[in-house]
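Coordinates in review
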Amino acid sequence: MASKPGILTEWPWTWLGNFKYVVLAPYVTHSLNSFFMSEDESKRDMTYLIIFPFLFFRMLHNQIWISVSRYRTAKGDNRIVDKSIEFDQVDRERNWDDQIILNGLLFYYGYTKLEQSHHMPIWRTDGIIMTALLQTGPVEFLYYWLHRALHHHFLYSRYHSHHHSSIVTEPITSVIHPFAEHIAYFLLFAIPLLTTVLTGTASIVSFGGYITYIDFMNNMGHCNFEIIPKWMFSSFPPLKYLMYTPSYHSLHHTQFRTNYSLFMPMYDYIYDTLDKSSDTLYEKSLERQGKSPDVVHLTHLTTPESIYHLRLGFASFASEPYTSKWYFWLMWPVTLWSMMITWIYGHTFTVERNVFKSLNLQTWAIPKYRIQYFMQWQRETINNFIEEAIMEADRKGIKVLSLGLLNQEEQLNNNGELYIRRHPQLKVKVVDGSSLAVAVVLNSIPKGTTQVVLGGHLSKVANAIALALCQGGVKVVTLREEEYKKLKSSLTPEVAINLVPSKTYASKIWLVGDGLSEDEQLKAPKGTLFIPFSQFPPRKARKDCLYFHTPAMITPKHFENVDSCENWLPRRVMSAWRVAGILHALKGWNEHECGNMIFDIEKVWKASLDHGFSPLTMASASESKA
């Protein structure tokens, strides 16, 4: 929101929330009816019919720019402004599609009012030339002076400051303006459109091509990495006056009083508002190489829909804890296409980039879904992916690689030990994070607890938790006889006296892992607190009980470039397994944590607190969701 919101700042359909697209429904319905149901051939107008598909194409075009930009940002190459994006910017820019809805309404309205817009030809050369000339002349000239006016303190504080709240820009930053400002822009961009319509030179290509050109240039100019190669300007020197670059426009967002032009810098040259460092920044941005990460967290896709939740997907969806949305069933063709791409691509990809103190961090994802980890015939392929990622990290000189989610599954690779045996000379340290996960669970148990119930499949973390609790004098009640026998065989007789098999469960503290059934949950007393020790949260079967998050910690405020949630965790909350890798690098621990290895739990817990990570409580989790 602008610092002093003026009139017509809010969008008219804001109150509709996610149902705002219904404002287009009457026009879409009428266009479909007039084309397919009309017996009069003269009323079947392709121009009218394709307005809505064109709006959808614009959304897809924008989303491609968003994903490509975020991938390049994660890689870190050719970055222009070396600062971070945070949640407040994502929240401010989540309504980027409002301008597409507005344009759609105005296109439909213009069609109904202007007879000349009916039955446009597909191509007219004179209309395309006229559109290009009008953009270069009146549109660029008028935009330049409108933009300068918007930087006057009166208009800036009421309107344009909303756009400039984003110092580090993303493609969608280009369209984040108050409603009134977008009306002004539409009137400008309508000059070529209306002129060609009224002169009878308009065509479907001139209309669609012009709007696509605007979207392309807007998105490209707001990327935070340089994309235009030098050879383009070398081959045609006048191009520097006709096309801006991301670094050129970035200076406008950092300096504010220079580089006002829309897409063609010639007016900044004419009126002497060109930033003198434009060429220098362009050269530096092209040469800037991404910094090699110090720590990599290796994760994977969970469900087919999780591709949208990644930072590379939908920015607003990724900024919230992962939950399945009802409208995703409408997107099944895109979901299926993404699954095919991950299947064909077959290579680990970079998801995001963060900075913590002196460490550069990256998250890599394996293009496999959770269900594939339970398929015997997929295990060799998955292990090969993980091994390749470890070897790549070793070649790049990365200090630590932490294994997230099922990449450390005991049945898959014995908590990462498989790779250490195969490559004993590895310099990169492989970390499964079990020690910190155990510490987080132990410190999540309410003080004074004398008895807990342990349920779900046993794991390295579960065994360590049971041992620590029994050693501390806390009774551990097991749900299953076979698990009781396995745990008891690993404990000394002195400690095993605190391990209890039982069919009555009076304790209201349940420590649960994968495989906890709904029937077992129903045995818990009302008001039970379920504390997971697994990577994945349990399926909730009780509304009268509390479910805590999987082992995780709140990140310090100086943890940079955090604008997405890690799977189902709240904002600025990070899984213990991921935090463990960061601590491993910070402390310089020169050994792997995998296989049966468990570090000193108290030492690991203290290290996390010393470096600013804080425990996640029920209250703090609620605040993080807000």
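We now turn to the structure provided with this report. (Residues numbered from 1 in each chain as written. Predicted model: local features only at pLDDT ≥ 70, side-chain atom pairs only at ≥ 80, totals over all residues. Heavy atoms only, no water.)

1. A word on the environment of Phe-207
Take Phe-207: it is sitting in helix α9 (residues 204-221). For the pair Phe-207 and Lys-557, spaced 350 residues apart in the sequence, the C-alpha separation amounts to 47 Å. For Phe-207, the residues in contact, after removing those within four places along its chain, are Met-120, Leu-193, Thr-196, Val-197 and Ala-202. (Helix = DSSP H or I, 4+ residues; strand = E, 2+ residues; numbered from the N terminus. Contact = heavy atoms within 4.5 Å.)

2. Some details on the packing of helix α21 (residues 434-444) against helix α27 (residues 601-610)
One can describe the packing of α21 onto α27 by two numbers: an axis separation of 9 Å at closest approach and a directional angle of 80°. Here α27 runs roughly perpendicular to α21, going by the angle between their axes. Across the interface between the two elements, Ser-435, Leu-436, Val-438, Ala-439, Val-440, Leu-442 and Asn-443 of α21 pack against Ile-601, Val-604, Trp-605 and Ser-608 of α27. Each residue belonging to the contact of α21 with α27 can be placed in one class, and the counts come to 8 nonpolar, 3 polar and no charged. (Axes fitted to C-alpha atoms, helices over the stretch in contact; angles between N-to-C directions. Parallel < 35°, antiparallel > 145°, perpendicular 65-115°, else oblique. Nonpolar A, V, L, I, M, F, W, Y, C, P; charged D, E, K, R; others polar.)

3. What to know about the sheet that holds strand β13 (residues 573-575)
Across the sheet, which stays open at both edges, the 3 strands sit in the order β13-β12-β14 with antiparallel pairing between neighbours. Two strands close off the open sheet at either side, each with one partner strand: β13 and β14 (614-615). Pairing of strand β12 (residues 552-554) with β13 involves 3 bridges; the strand directions are antiparallel. Paired with Ile-554 across the strands is Val-573, a residue of β13. Sheet contacts for helix α26 (residues 576-587): β12 and β13; angle to β13, the most-contacted strand, approximately 85°. (Pairing = 2+ DSSP bridges.)

4. Overview of the packing of aromatic side chains
On inspection of all chains with the given rule, the structure shows 30 aromatic pairs. When the centroid spacing of 5.2 Å and the interplanar angle of 40° are considered together, the rings of Phe-536 and Trp-568 count as tilted. One end of the pair, Phe-536, is in the loop between β10 (529-532) and β11 (546-547); the other, Trp-568, is in the loop between β12 and β13, with 32 residues separating them in the sequence. The residues Phe-536 and Trp-568 share a single accessibility class, namely buried. Every member of this aromatic cluster is reached through a ring pair, and the members are Phe-141, Tyr-144, Trp-145, Tyr-260, Tyr-267 and Tyr-271. Taking the ring centre of Phe-154 as reference, the NZ or CZ of Arg-158 above it sits at 3.9 Å. Its end group placed over the ring of Phe-599, Lys-603 keeps NZ or CZ at 5.9 Å from the ring centre. (Phe/Tyr/Trp six-rings, centres within 6.5 Å; stacked < 30°, edge-to-face > 60°. Buried < 20%, exposed > 50% of the residue type's maximum accessible area, 1.4 Å probe, protein only. Lys NZ or Arg CZ within 6 Å of the ring centre and 35° of its normal.)

Honestly, that's just the spatial picture; any functional story needs more than this.
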